Amino acid sequence: GNSVTQMEGPVTLSEEAFLTINCTYTATGYPSLFWYVQYPGEGLQLLLKATKADDKGSNKGFEATYRKETTSFHLEKGSVQVSDSAVYFCALAPNRDDKIIFGKGTRLHILP
Amino acid sequence: DTEVTQTPKHLVMGMTNKKSLKCEQHMGHRAMYWYKQKAKKPPELMFVYSYEKLSINESVPSRFSPECPNSSLLNLHLHALQPEDSALYLCASNPGLARNEQFFGPGTRLTVL
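First things first, this report covers the structure right here in the doc.

1. What to know about the overall build of chain B
Part 1 of the reasoning: Within chain B, the secondary structure is distributed over zero helices and 11 strands.
Part 2 of the reasoning: Tracing chain B from N to C terminus, the helices and strands come up as β-β-β-β-β-β-β-β-β-β-β.
Part 3 of the reasoning: Taken over the C-alpha trace, chain B has a radius of gyration of 13 Å; the compact-globule value for 113 residues is 13 Å, and the two agree within 12%.
Part 4 of the reasoning: Projected onto the principal axes, the alpha-carbon positions of chain B cover approximately 40 × 25 × 25 Å.

2. What about the nonpolar core?
Part 1 of the reasoning: Counting 26 residues, the largest nonpolar core has Trp-35, Leu-47, Leu-48, Phe-73, Leu-75 and Tyr-88 of chain A as its most contacted members.
Part 2 of the reasoning: Listed by contribution, the elements that provide at least two residues to this core are β2 (11-14), β3 (19-21), β4 (23-26), β5 (32-38), β6 (44-50), β8 (62-65), β10 (86-93) and β12 (106-111) of chain A.
Part 3 of the reasoning: In terms of residues, this core owes the most to one element, β10 of chain A, which gives four residues.
Part 4 of the reasoning: Residues within four places of Leu-75 of chain A in sequence aside, it is in contact with Leu-19, Thr-20, Ile-21, Trp-35, Leu-47, Leu-48, Phe-62, Glu-63, Ala-64 and Tyr-88 of chain A.
Part 5 of the reasoning: Judged by nonpolar contacts, the second largest core, of 22 residues, contains Leu-11, Cys-23, Leu-78 and Leu-81 of chain B.

3. What to know about the interface of chain B and chain A
Part 1 of the reasoning: Counting residues at the interface gives 24 residues for chain B, matched by 19 residues for chain A.
Part 2 of the reasoning: Counting the surface lost from both chain B and chain A, the interface buries some 1,600 Å², and carbon and sulfur atoms represent 50% of this.
Part 3 of the reasoning: In this structure, Glu-58 of chain B engages Lys-99 of chain A in a salt bridge whose closest nitrogen and oxygen atoms are separated by 3.2 Å.
Part 4 of the reasoning: Going through the elements one at a time, β4 (31-37), β5 (44-50), β6 (53-57), β9 (87-94) and β10 (103-104) of chain B are the ones with two or more residues in the side of chain B that touches chain A.

4. Brief notes about the pairing of β10 of chain A
Residues and elements named next belong to chain A.
Part 1 of the reasoning: A large share of β10 lies buried, amounting to eight of its eight residues.
Part 2 of the reasoning: Covered by surrounding structure in β10 are Ala-86, Tyr-88, Cys-90 and Leu-92 together with Val-87, Phe-89, Ala-91 and Ala-93, the residues of both alternating faces.
Part 3 of the reasoning: Judged from the three bridges that link them, β10 and β12 form a sheet pairing that is antiparallel. Bridge pairing in β12 links Ala-86 to Leu-108.
Part 4 of the reasoning: Note: β10 against strand β11 (residues 101-102), two bridges, orientation antiparallel. Its bridge partner being in β11, Ala-91 is matched across the sheet by Phe-102.

5. Topic: unusual backbone geometry
Part 1 of the reasoning: The omega angle of the peptide bond from Gly-9 of chain A to Pro-10 of chain A is -5 degrees, so this bond is cis rather than trans.
Part 2 of the reasoning: Following the sequence through the fold, Pro-10 of chain A ends up in the loop between β1 (3-6) and β2.
Part 3 of the reasoning: In this structure, the amide linkage connecting Thr-7 of chain B to the following residue, Pro-8 of chain B, adopts the cis form with an omega of -5 degrees.
Part 4 of the reasoning: Inspection of the secondary structure puts Pro-8 of chain B in the loop between β1 (4-7) and β2 (10-13).
Part 5 of the reasoning: Although it is not a glycine, Glu-52 of chain B sits at a positive phi angle of roughly 70 degrees.
Part 6 of the reasoning: As for its position among the elements, Glu-52 of chain B is in the loop between β5 and β6.
Part 7 of the reasoning: Unlike most non-glycine residues, Ala-80 of chain B shows phi in positive territory, near 60 degrees.
Part 8 of the reasoning: Residue position: Ala-80 of chain B is located in the loop between β8 (73-79) and β9.
Part 9 of the reasoning: A residue is classified by how much of its surface remains accessible, and Ala-80 of chain B, at 30% relative accessible area, is partly exposed.

6. Describing the state of the cysteines
Residue and element names in this part refer to chain A.
Part 1 of the reasoning: Enumeration over the complete set of coordinates arrives at two disulfides over all chains.
Part 2 of the reasoning: The disulfide partner of Cys-23 is Cys-90, and the gap between their sulfur atoms is 1.9 Å. Taking the sign of the S-S torsion, -70 degrees for the link of Cys-23 and Cys-90, the bridge is left-handed. With Cys-23 in strand β4 and Cys-90 in strand β10, the pair connects residues that are 67 residues apart, well separated along the chain.

7. Describing the side chain of Gln-6 of chain B
Residues and elements named next belong to chain B.
Part 1 of the reasoning: Mapped onto the elements, Gln-6 comes out in strand β1.
Part 2 of the reasoning: Given a relative accessible area of 7%, Gln-6 falls into the buried group.
Part 3 of the reasoning: A distance of 3.0 Å separates a polar side-chain atom of Gln-6 from the backbone nitrogen of Cys-91.
Part 4 of the reasoning: A polar contact of 2.9 Å, which involves the side chain of Gln-6, links it to the backbone nitrogen of Gly-107.
Part 5 of the reasoning: Every residue in contact with Gln-6, bar those within four places of it in the chain, is listed here: Lys-22, Cys-23, Trp-34, Tyr-89, Leu-90, Cys-91, Gly-105, Pro-106, Gly-107 and Thr-108.

Thresholds, definitions, all that
- Residues numbered from 1 in each chain as written.
- Chains lettered and ligands numbered in written order.
- Predicted model: local features only at pLDDT ≥ 70, side-chain atom pairs only at ≥ 80, totals over all residues.
- Heavy atoms only, no water.
- Helix = DSSP H or I, 4+ residues; strand = E, 2+ residues; numbered from the N terminus.
- Rg over C-alpha atoms; globule rule 2.2 N^0.38 Å.
- Core = buried A, V, L, I, M, F, W, Y, C linked by side-chain atoms within 4.5 Å.
- Buried < 20%, exposed > 50% of the residue type's maximum accessible area, 1.4 Å probe, protein only.
- Contact = heavy atoms within 4.5 Å.
- Buried area = accessible area lost by both parts, 1.4 Å probe.
- Salt bridge = Lys/Arg side-chain N within 4 Å of Asp/Glu carboxyl O.
- Pairing = 2+ DSSP bridges.
- Disulfide = S-S within 2.5 Å.
- Polar contact = N/O pair within 3.5 Å; in protein donor to acceptor, adjacent residues only side chain to side chain.

Okay, here's the thing in structure tokens:
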């Protein structure tokens, strides 16, 4: 079946630190992969996506590369800000399927 | 218009009340969704409408009743809820076809007393 595993949080970093949040997946076929971000008290926002192997999604300084050989889609940012504090969800959408499978989420705290 | 809107933002209701949540999108997306999200958990899918027809019901109790009056509007009717139904209810839409991704609204924070 389809599933997403992401690193447990919370993750606490100092401002300007390098961020990696690991995400691996299990899927049949060729799913699309996503990172969503949820700020406190808000809905989910699509942060970035990749639709095929070796695609790199990027937005707001965040990047993730679709690695089919390692079934991974790790989220990275070179220099985090306090405003990046949020919950980050890795997700996959199987082809020709209306559902999205979410990981459990990783809470990120950035200290000034 | 490039967003999904939800009303109300907050709702408090008693267990005998009837209320409705509303969701709108004007992006021409073909699919719309209801999710329930409890604190510190990922969203749980409840219902999917595709081309205004209910395509997925994730075994949701009948006290939740979805309705899709047209391609832009999605309602969730609530009746005889329980305190454990208190959660953030999220609506999402999906363009579909070659572009399979979901866009979420800000949610309705529901409290059942």
